[in-house]
Protein chains: 2
Amino acid sequence: MSSETLMPDSVLIGLDWGTSNRRAYRFGADGGILEKRADAGGILAVPANGWADSLAGLVGDWLTAAPDAPVLLSGMVGSRQGWAEAPYLACPAGPAALAGALWPVPMPDGRRLAIVPGLTCVDVDGVPDVMRGEETEILGSFDPSQAEAMVVLPGTHSKWVAMHGGLVTGFATFLTGELYAAVRGHTILGRLMPAADAAGTGDEIGDPVAFALGVQRALDGEGRLLHRLFSVRTEGLFDHLASASLPDYLAGLLIGAEVSEACKSGPVRAGTAVTVVAGTALRARYAAALELVGLCPRIAAPDGAARGLWRIAAAAGFTGTPGTGPVPCRG
Amino acid sequence: MSSETLMPDSVLIGLDWGTSNRRAYRFGADGGILEKRADAGGILAVPANGWADSLAGLVGDWLTAAPDAPVLLSGMVGSRQGWAEAPYLACPAGPAALAGALWPVPMPDGRRLAIVPGLTCVDVDGVPDVMRGEETEILGSFDPSQAEAMVVLPGTHSKWVAMHGGLVTGFATFLTGELYAAVRGHTILGRLMPAADAAGTGDEIGDPVAFALGVQRALDGEGRLLHRLFSVRTEGLFDHLASASLPDYLAGLLIGAEVSEACKSGPVRAGTAVTVVAGTALRARYAAALELVGLCPRIAAPDGAARGLWRIAAAAGFTGTPGTGPVPCRG
């Protein structure tokens, strides 16, 4: 077989390169994903000065087959601990501003390689916030036909992002996922729970009633999270909730608190459509919590990072059609 | 020397026997503390059926010298994992109710030994709360001349306790201390901080300005704790706060959130006197946070648990003067 049969021409190679994992995509001339790969080669796994080799380790054959294709990277690869530090860009920002602030990394073979900068904003109290990698995923996940949009990226550090006219106008980060893991793994609340987190890995919520109870109590609690957390212990102690249901109850308290905090701080009103960018387990939980508070969850199509990389690359003239702005959402 | 010279007569032996540590007191006929001891023989350190031996290991000579003195125990020794489970008593409750619900433990030599029960209450949302050990410390720490009092016991699981006419009428638990340790030790926020918690062990607050900033932001944040926690990372990332100041900032965010939640949930109003029962490091932090929110901190005298044990023992007729109710506070 010829290499043409095996590997149609790539016009762009893109990577969402995070702390622990990375996903790589190669794109055809129309922005379609010709092939994708993933591995555990996050930035923590890369030795000093091993960046180019690490990239070749995942997509060396793609690079060889398309010597002229530019490479665009997003995520923690642009942090102080990454390949090169791409300074944060201030909001509001969209594909054009991100394209204008791409951080070039010189390559020995002259190939064009650049890193998408993260975003920063300052809230009403003057407190800064940051994201890195999510800006690309968001630009590939929201519906560009909407003038106003709200996008949620649940996870270790959940992000709630306000969009206006295709630009990210502001956002807020919540420590929800990391706090769940720390509370479950390293406080007395976790000792009442089963050891394995079966509830956290499946597509369904293990005990939807316990989860909804947690969300509702978080909403009723008017932000009294430090107090509500102790109820995980007492509800277990008095056998009101089974041990196996306590992880869902804790998740409900935390996700409910996040939704409640996000609704307090910004432009989220009942009836607002909120796009959720998440894998299966979190998707079900966030959809349930958003519905409980009167918001309308929309689940984003997969591969948002890929679409975002393509949009930014197109705006930067990396894709052969210079600076044409956002391409239509392919989700 | 005669044993009389060495060891004046004890009329009561009392222990505050917790999860990790215990403190023992022997009392004279007037309720004065003749001697006190402490060790790391908390209930986790006691082997199955080793309770009497463990008690003798700390105060065997006291028991021998005073064969008729009753023994009163408070704390986690009365939990399901302790010597015997003393069922929770419902609020409101004071020394008389606790004395009436003492849980007797039969001793081979016929000595009177009993465990003080913990307390339980239910909040307006129907969520139960519990304490075990703190009820005794509170009864020895509040000023009985006050008709109304608010007592705070900061720590792993902070308790805010409302008193009326000498009774505990209600309380709320906050996961503050345990969450501080989990966040500092097991999230990305802790990685920006110095390894050793010098700030957490001293009498003074390491960086009072960073602490006060955390408290103020918690108060301004209207309960948005999940979001505010992420500011520990960004304030470090942008060099707004030095690495060494971040633990104080985090402590301020959490203690400020606790004070804010407590003020929302109950009878705490500006100008209220709040008695703080805590060791040096936490005492300074809570006093500062209470003043920032307009409350008036009063620092409780040490050995509140000893005074509480004496009061409950007196109400139970353990001290030779049957059922005389609370004795004057000796603090």
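Anything mentioned here points back to the structure above.
Cut-off values and rules
Residues numbered from 1 in each chain as written. Chains lettered and ligands numbered in written order. Predicted model: local features only at pLDDT ≥ 70, side-chain atom pairs only at ≥ 80, totals over all residues. Heavy atoms only, no water. Salt bridge = Lys/Arg side-chain N within 4 Å of Asp/Glu carboxyl O. Helix = DSSP H or I, 4+ residues; strand = E, 2+ residues; numbered from the N terminus. Buried < 20%, exposed > 50% of the residue type's maximum accessible area, 1.4 Å probe, protein only. Core = buried A, V, L, I, M, F, W, Y, C linked by side-chain atoms within 4.5 Å. Contact = heavy atoms within 4.5 Å. Pairing = 2+ DSSP bridges. Axes fitted to C-alpha atoms, helices over the stretch in contact; angles between N-to-C directions.

Student: Got a minute to help me understand the pattern of salt bridges in this structure?
Tutor: Note that side chains of opposite charge can pair when their charged atoms are close. The full count for this structure, using the stated rule, is 22 salt bridges over all chains. The residue Asp 123 of chain B makes a salt bridge to Arg 228 of chain A at a minimum N-O spacing of 3.2 Å. Here the residue Asp 123 of chain B occupies a position in the loop between β8 (119–122) and β9 (128–131), and Arg 228 of chain A occupies one in helix α9 (residues 225–237), the pair thus bridging two chains. The partly exposed category is assigned to Asp 123 of chain B, whose relative accessible area is 21%. For Arg 228 of chain A, a relative accessible area of 2% puts it in the buried group. Two residues, Arg 285 of chain B and Asp 248 of chain B, come together in a salt bridge whose shortest N-O distance is 3.0 Å. Of this pair, Arg 285 of chain B sits in helix α10 (residues 280–292) while Asp 248 of chain B is found in helix α9 (residues 246–265), placing the two residues 37 residues apart along the sequence. Here Arg 285 of chain B falls in the buried class, since its relative accessible area comes to 5%.

Student: Would you explain unusual backbone geometry in this entry?
Tutor: The general pattern is negative phi for most residues beyond glycine and trans for most peptide bonds. Backbone torsion omega between Cys 91 of chain A and Pro 92 of chain A reads -5°, so that peptide bond is classified as cis. Within the fold, Pro 92 of chain A resides in the loop between β5 (89–90) and α3 (95–100). Despite not being glycine, Asp 239 of chain B has its phi angle at roughly 60°, a positive value. Among the secondary structure elements, Asp 239 of chain B is positioned in the loop between α8 (225–237) and α9. Owing to a relative accessible area of 63%, Asp 239 of chain B belongs among the exposed residues under this scheme. A positive phi is found at Asp 303 of chain B, a non-glycine position, where the angle reads about 65°.

Student: Looking at this structure, how should I read the nonpolar core?
Tutor: In terms of nonpolar packing, the biggest core is built from 84 residues, with Trp 160 and Leu 179 of chain A together with Trp 160 and Leu 179 of chain B touching the most fellow members. If we ignore the near neighbours within four places in the chain, the residues touching Leu 179 of chain B are Leu 179, Val 183, Leu 226 and Leu 229 of chain A together with Leu 254 of chain B.

Student: Help me understand the pairing of strand β12 (residues 167–174) of chain A in this model?
Tutor: Two faces, one strand: in a regular strand the side chains alternate between the faces of the sheet. All names here are of chain A. Counting buried positions over the eight residues of β12 gives six, a clear majority of the element. With seven bridges joining them, strand β11 (residues 158–164) and β12 adopt antiparallel strand pairing. Its bridge partner being in β12, Met 163 is matched across the sheet by Val 168. If you look at the hairpin formed by β11 and β12, you'll find two residues sitting between the two strands, and Gly 165 has a positive phi there, around 55°.

Student: Help me out: how do you make sense of the sheet that holds strand β2 (residues 22–27) of chain A in this one?
Tutor: Hydrogen bonds between backbone groups are what pair the strands of a sheet, and the pairing can be parallel or antiparallel. Residue and element names in this part refer to chain A. Pairing is mixed in the open sheet, where six strands are placed in the order β3-β2-β1-β4-β7-β6. Of all the strands in the sheet, just β3 (33–39) and β6 (103–104) have a single pairing partner and so form its edges. Strand direction decides the pairing type here: strand β4 (residues 71–74) and strand β7 (residues 113–115), joined by three bridges, are parallel. Looking at the pairing, Val 71 lines up with Leu 113 of β7. Strand contacts of helix α12 (residues 304–315): β1 (12–17), β2, β3 and β4, with the helix running at about 125° to β1, the strand carrying the most contacts.

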